[in-house]
Amino acid sequence: MTSPKSRIVTTERPVQVRVVKVKKSDKGDFYKRQMAWELRDLAEVDAKDASKENPEFDLHFEKVYRWVASSTAEKNSFISCIWKLNQRYLRKKVEFVNVSSQLLEESVPSGENQSVAGGDEDALDDYQELNAREEQDIEGMMEVCEYAISNAEAFAEKLSRELQVLDGANIQSIMASEKQVNILMQLLDEALSEVDTIEGKLSSYEEMLQSVKEQMDQISQSNRLIQISNTNNGKLLDEIQFLVNYMDLSKGHIRALQDGDLSSPKGIEACINASEALLQCMNVALRPGHEKLMAVKQQQHLFTELRDTFARRLTNHLNNVFVHQGHDQSSTLSQHTAELTLPKHSPLHRDLLRYAKLMEWLKNTQREKYDGLSRTYVDYMTRLYEREIKDFFEVAKIKMAGTTKEGKGNKFATLPRKESALKQETESLHGSSGKLTGSTSSLNKLAVQGSSSRRSQSSSLLDMGNMSASDLDVADRTKFDKIFEQVLSELEPLCLAEQDFISKFFKLQQHPTLAQVNYMKDMVRLMMNKIFQSIETELNSLIALGDKIDSFHSLYMLVKMSHHVWTAQNVDPASYLSTTLGNVLVTVKRNFDKCITTCSPTSSTPWASPWRNSM
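Since the structure is predicted, the reported quantities are computational estimates derived from the model, not experimental observations.

1. A few points about the overall build of the chain
The helix and strand inventory of the chain stands at 21 helices and seven strands. By the burial criterion, 37% of the 615 residues in the chain qualify as buried. Of the contacts formed within the chain by residues at least 6 apart in sequence, a portion of 73% connects residues at least 24 apart. For the chain, the exposed surface amounts to about 36100 Å²; the carbon and sulfur share of it is 52%.

2. Some points on the UniProt feature "coiled-coil region" (unreviewed entry) in the chain
Those places that UniProt annotates as "coiled-coil region" (unreviewed entry) correspond, in this numbering, to residues 188-222. Helix makes up 100% of residues 188-222 and strand 0%. Its end C-alpha atoms lie 49 Å apart.

3. Side note on the pairing of strand β6 (residues 64-68)
On β6, burial follows the alternation: Tyr-65 and Trp-67 on one face are buried, whereas Val-64, Arg-66 and Val-68 on the facing-out side are not. For strand β5 (residues 56-60) and β6, the ladder comprises five bridges, and the chain directions are antiparallel. Note on β6: the bridge partner recorded for Phe-57 is Trp-67. Linkage of β5 to β6, two consecutive antiparallel strands, is achieved through a turn of three residues.

4. As for the environment of Leu-257
Locating Leu-257 in the fold gives a position in helix α7 (residues 251-259). On the basis of relative accessibility, which here comes to 0%, the residue Leu-257 falls in the buried class. Once you skip the residues sitting within four places of it in the chain, Leu-257 turns out to touch Leu-249, Ala-274, Ser-275, Leu-278, Leu-306, Phe-310 and Arg-313.

5. Considering helix α6 (residues 178-247)
For α6, with 70 residues, the first-to-last C-alpha span of 99 Å sits near the 104 Å given by 1.5 Å per residue. Where α6 is concerned, the buried positions are Phe-242, Leu-243 and Met-247.

6. Looking at the packing of aromatic side chains
By convention here, two paired aromatic rings are described through the distance between centres and the angle between planes. Inspection of the entire model under this criterion finds 18 aromatic pairs. An angle of 65° between the planes, with centres 5.1 Å apart, marks the rings of Phe-322 and Tyr-377 as edge-to-face. Here Phe-322 is found in helix α9 (residues 294-331), whereas its partner Tyr-377 is found in helix α13 (residues 367-405), with 55 residues between them in sequence. Each member of the pair, Phe-322 as well as Tyr-377, is classed as buried. With centroids separated by 6.5 Å and ring planes inclined at 75°, the aromatic side chains of Phe-322 and Phe-505 adopt a geometry described as edge-to-face. Taken as a pair, Phe-322 in helix α9 and Phe-505 in helix α16 (residues 474-505) lie far apart in primary sequence, 183 residues in all. Accessibility classification places Phe-322 together with Phe-505 in one group, the buried group. Members of the aromatic cluster, each reached through a chain of ring pairs, are Phe-322, Tyr-370, Tyr-377, Phe-501, Phe-505 and Phe-506. A cation over a ring is seen here: Arg-287 above Phe-242, with NZ or CZ 4.2 Å from the ring centre. Sitting above the plane of the Tyr-380 ring, Arg-383 keeps its charged end 4.9 Å from the centroid.

7. Brief notes about the pattern of salt bridges
Inspection of the entire model under this criterion finds 16 salt bridges. Ionic pairing is found between Glu-38 and Arg-18, a salt bridge with its closest N-O pair at 3.2 Å. One end of the pair, Glu-38, is in strand β3 (residues 31-38); the other, Arg-18, is in strand β2 (residues 17-24), with 20 residues separating them in the sequence. For Glu-38, a relative accessible area of 18% gives the class buried.

Conventions adopted
In this numbering scheme, every chain counts its residues from 1 along its sequence in written order. Residues qualify for local features only when their pLDDT is at least 70, as the model is predicted, and side-chain atom pairs are given and counted only at 80 or more; totals for whole chains, interfaces and linings, by contrast, use all residues. In computing side-chain properties, one takes all heavy atoms of the structure into account and sets aside hydrogens as well as water. The helix and strand labels rest on DSSP assignments: H or I over at least four residues marks a helix, E over at least two residues marks a strand, and numbering proceeds from the N terminus. Buried means the residue's accessible area, taken with a 1.4 Å probe over protein chains only, is under 20% of the maximum for its type, while exposed means over 50%, and partly exposed covers the values in between. Here, two residues are considered to be in contact whenever any of their heavy atoms come within 4.5 Å of each other. In these tables, accessible area is a Shrake-Rupley quantity obtained with a 1.4 Å probe, and a residue counts as shielded only by the protein chains included in the view. UniProt positions are given in the numbering used here, feature names are shortened, and annotations may be inferred rather than shown by experiment. A strand pair is defined by DSSP finding two or more bridges across the two strands. In this scheme, a helix's expected span is set at 1.5 Å multiplied by one less than its residue total. Only Phe, Tyr and Trp rings take part, Trp by its six-membered ring, and two of them pair if their centres are within 6.5 Å. Stacked means planes under 30 degrees apart, edge-to-face means over 60, and tilted covers everything else. By definition here, charges over rings are those cases where NZ of Lys or CZ of Arg is within 6 Å of the ring centre and within 35 degrees of the ring normal. Definition used for salt bridges: Asp or Glu carboxyl oxygen within 4 Å of a side-chain nitrogen of Lys or Arg.

Dropping the structure here:
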């Protein structure tokens, strides 16, 4: 880029250094500004050739500008000026290319760089940047003075002279207005005094405000502490209310647990309520930290003592009840010996069921005493039922044996028997076995075995054709059937009532889970097996006696046992009665099978058809 006739470098303070391109006016000796660049935007100065004299050089701003100086000396002078400004204001930011190091060294004498830098930095710190108005005034002044740009020294001297004239005029004006100055100074002194007074008042006010602030802080702290105290008192009241509501046992309950009457209905009801309240107090879920309170420890100790005391009283009382009831029942056995009946225990069950809730409480709190009480009851009732059942079966055996004594002659004699008597007996058997439900399989087997016996033409152990109607009367067998039915009818309600009582009294009917269901059933079965351990033995003995008296009795017993087993299984298949009668039924079935095997009638006998029809 070719330059105009003239180029200059100007600087403005504080740090605004620009490269300005001016053009000399054709009409006069003044210059006009055409373009300006910030020196900080200058990236590189390229002198083209450091070894040869060449007036051309390049300045790299936003783009490369090519310049041609009027001479090499002018070019070197301009580059040297740029280098000094770079050293002073731009911290050596501009890069100089193809410039001889000798030129740069000559541009700055030894020590000048440090002194200039230091002085300029101090001057820059005190220098204030011109505002827009000041710049306009300076530009206007420079336009009035045409030589301001071409001859800066003359312009500076002129400005200095005018400044001295103005300073003198200013001093004379100040001297002339000394009176006003004195008045102004006096006013300033008064203002300063007033300021001191105001500052003193402000200081006192500040001290007062500081005191008020401290008092307010104390009040705020006190309010905060009061609020915390109220919150803590509320929480403490809630905890105390919780403990009072859930761990306080009334005096009436305490008296009922210590001295309550366990024999009267009102006393039992009071003891039940007191025991439930005690269990609720003992099972309350304490919150963290409650167990460390002395009052809670004392209350828990009181609950433990009340529990142990009442459990001991209840256990002793029920033991006495078991003993007395056992003696009372034993005294009434003589009343039932003449009749084929078993004593009823419903009054005992009714009296003991009043203690069922207390037994449940004992089961939940003192399991050892509960188990001991269960064993005591089983022991007493085992001895009681053993005597009753033994006497009952003795009466039944006597009555069975008595039926044979009324017959004529030996019932096992092999005398001729009329066909009409045998027909009457079979019809009587058929009429007395109207409840044959449940024994169909046994009777079917009997019919099959009877038909095979007819085919095999085997002889019976008791030859019915040779028996006499007077030797083995149908009435005896009918009476035996009634006696056996009476025995089973007495045993069935007795066992069911006792099992139902055990389940209710010892709380063995509650079974929330399957595992507990099996456990409860096992417990009931074990207790029933021990209490009625003599029933199965006595029944087998009675069956053996009946079979010994007349082997044909096995048919009657099979019909009755089948019916009672079927009835018991419909009520509860896993009950003790169903299991026991099922075991006895197996024995009866074996005796019946034996009778069928040994006493099968032949088809040639004249009474075979009626006998088969009876089956």
